[in-house]
Amino acid sequence: MISIDKISKWYGDFKVLSDCTTSVTKGEVVVVCGPSGSGKSTLIKCVNGLEPVQEGRVVVDGDEVTAKKANLTALRSRIGMVFQHFELYPHMSVLENLCLAQEKVLKRSRAEAVARSEKLLTRVGMEDHASKYPSQLSGGQQQRIAIARSLAMDPIAMLFDEPTSALDPEMIKEVLDVMVELAQEGMTMMVVTHEMGFARKVADRVIFMDEGAIIEDRPTTEFFDNPASDRAKDFLSKIL
Ligand code: ADP
Ligand code: MG
């Protein structure tokens, strides 16, 4: 589904990604972790073409994202992305947030878009909040809406960049629960997170990054029980 082949990226003289290679198969859940500044956000942004690379190739579902003529708008409508900050449209109700791209990009009828939105609101436990505005919701509720909004586009894969790290502790679980359910339903996911409980529960593999490089890329239990590198051991000892 997602193939990342020897990508390198520089900001000026600074090498932010260094010869990164990995892949995610359909239905797989991969957690990306590592110290702050190690290149995790940059790596997943390369998957939907939000960041260009200077070397290497990224292919998603058969389409080369890194090709000069890649149709990035079409690609992004097929890959959902949820960031740390919720980025809902503040001047629109929850329902309008969910309907907008369905109608504008997927050309769904109003009735179809509303029906799909209502179904997804129920799925994330927000069915009673359709007419509220983002500012009337808690951070955890807003993030669940952001996930529902992505799902409304029927994505083939979902990318998450630290979706719970801006939330108060009591709201983290409600968002992780939605993500766990999504993973268990077979969604292909790449998730940057430091929530190691989540990783243990649903990740098939863990990628550990440091200084722009993929240092480990291994099945979850192997990564936790027996990290191969000192850098990963050191990282785990600090966060677990
Ligand atoms: P992480 O998500 O692991 O914290 P990032 O991918 O955000 O790391 O950033 C990796 C490194 O690249 C950091 O050192 C960051 O300062 C640098 N960086 C990120 N974006 C830019 C940019 N637009 N210009 C220059 N440097 C950047
Ligand atoms: Mg980041």
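- Per an unreviewed UniProt entry, the chain is named Glutamate/aspartate transport ATP-binding protein GltL, and its organism is Roseobacter litoralis.
- Its UniProt record gives the chain a comment under Sequence similarities (unreviewed entry), which states: "Belongs to the ABC transporter superfamily."
- Within the UniProt record for the chain, the comment given under Subcellular location (unreviewed entry) is "Cell membrane".

**A closer look at the packing of helix α3 (residues 94-104) against helix α4 (residues 110-123)**
No. 1: Remark: α3 packs on α4, axes separated minimally by 9 Å, with the N-to-C direction vectors making an angle of 130°. Classified by the angle between their axes, α3 and α4 sit oblique to one another. As for how α3 packs across α4, the hand of that crossing is right-handed. Together, Val94, Leu95, Glu96, Leu98, Cys99, Gln102 and Glu103 of α3 and Arg110, Glu112, Ala113, Val114, Arg116, Ser117, Leu120 and Leu121 of α4 make up the contact between the two elements.
No. 2: The residue inventory of the contact of α3 with α4, partitioned by class, reads eight nonpolar, two polar and five charged.

**Overview of the site of ligand 1**
No. 1: In the vicinity of ligand 1, the contacting residues are Tyr11, Phe14, Val16, Pro35, Ser36, Gly37, Ser38, Gly39, Lys40, Ser41 and Thr42.
No. 2: In this structure, glycine 37 approaches ligand 1 through a main-chain N or O atom, which is 2.7 Å from an oxygen atom.
No. 3: Relative to its free-state accessible area of 570 Å², ligand 1 is covered by the protein chains to the extent of 59%.
No. 4: Listed by contribution, the elements that provide at least two residues to the shell around ligand 1 are β2 (14-24) and α1 (40-47).
No. 5: Here the element with the most residues in the shell around ligand 1 is α1; it accounts for three residues.
No. 6: Classifying every residue of the shell around ligand 1 gives four nonpolar, six polar and one charged.

Each value, and the rule that gives it
As a convention, each chain's residues are numbered from 1 in the sequence order in which they are written. Chain letters and ligand numbers both follow the written order, the letters beginning at A and the numbers at 1. Under the rules for a predicted model, residues below a pLDDT of 70 receive no local features and side-chain atom pairs below 80 are neither given nor counted, while totals for whole chains, interfaces and linings still include all residues. Side-chain numbers here rest on the full set of heavy atoms in the structure, without hydrogens or water. UniProt positions are given in the numbering used here, feature names are shortened, and annotations may be inferred rather than shown by experiment. The axes used here are C-alpha line fits, helices contributing only the stretch in contact, and every angle between their N-to-C directions lies in the interval 0 to 180 degrees. Only DSSP runs of H or I covering at least 4 residues are called helices, and only runs of E covering at least 2 are called strands; the numbering of each starts at the N terminus. Geometric relationships in this document are graded by angle, where less than 35 degrees denotes roughly parallel, more than 145 denotes roughly antiparallel, 65 to 115 denotes roughly perpendicular, and other angles denote oblique. Left-handed is the label given to a crossing in which the near helix is rotated counterclockwise from the far helix by less than a right angle, and right-handed is the label when the rotation is clockwise. Pairs of residues are marked as contacts when any of their non-hydrogen atoms sit within 4.5 Å. In this classification, the charged set is Asp, Glu, Lys and Arg, the nonpolar set is Ala, Val, Leu, Ile, Met, Phe, Trp, Tyr, Cys and Pro, and all remaining amino acids, among them Gly, are polar. Nearness is defined per residue: one heavy atom within 4 Å of the molecule or strand is enough. Any N or O atom pair separated by 3.5 Å or less is treated as a polar contact, with the protein-specific requirement of one donor-capable and one acceptor-capable atom, and with residues adjacent in sequence counted only for side-chain atom pairs. Using a 1.4 Å probe, accessible areas were evaluated by the Shrake-Rupley method; residue-level cover was limited to the displayed protein chains.

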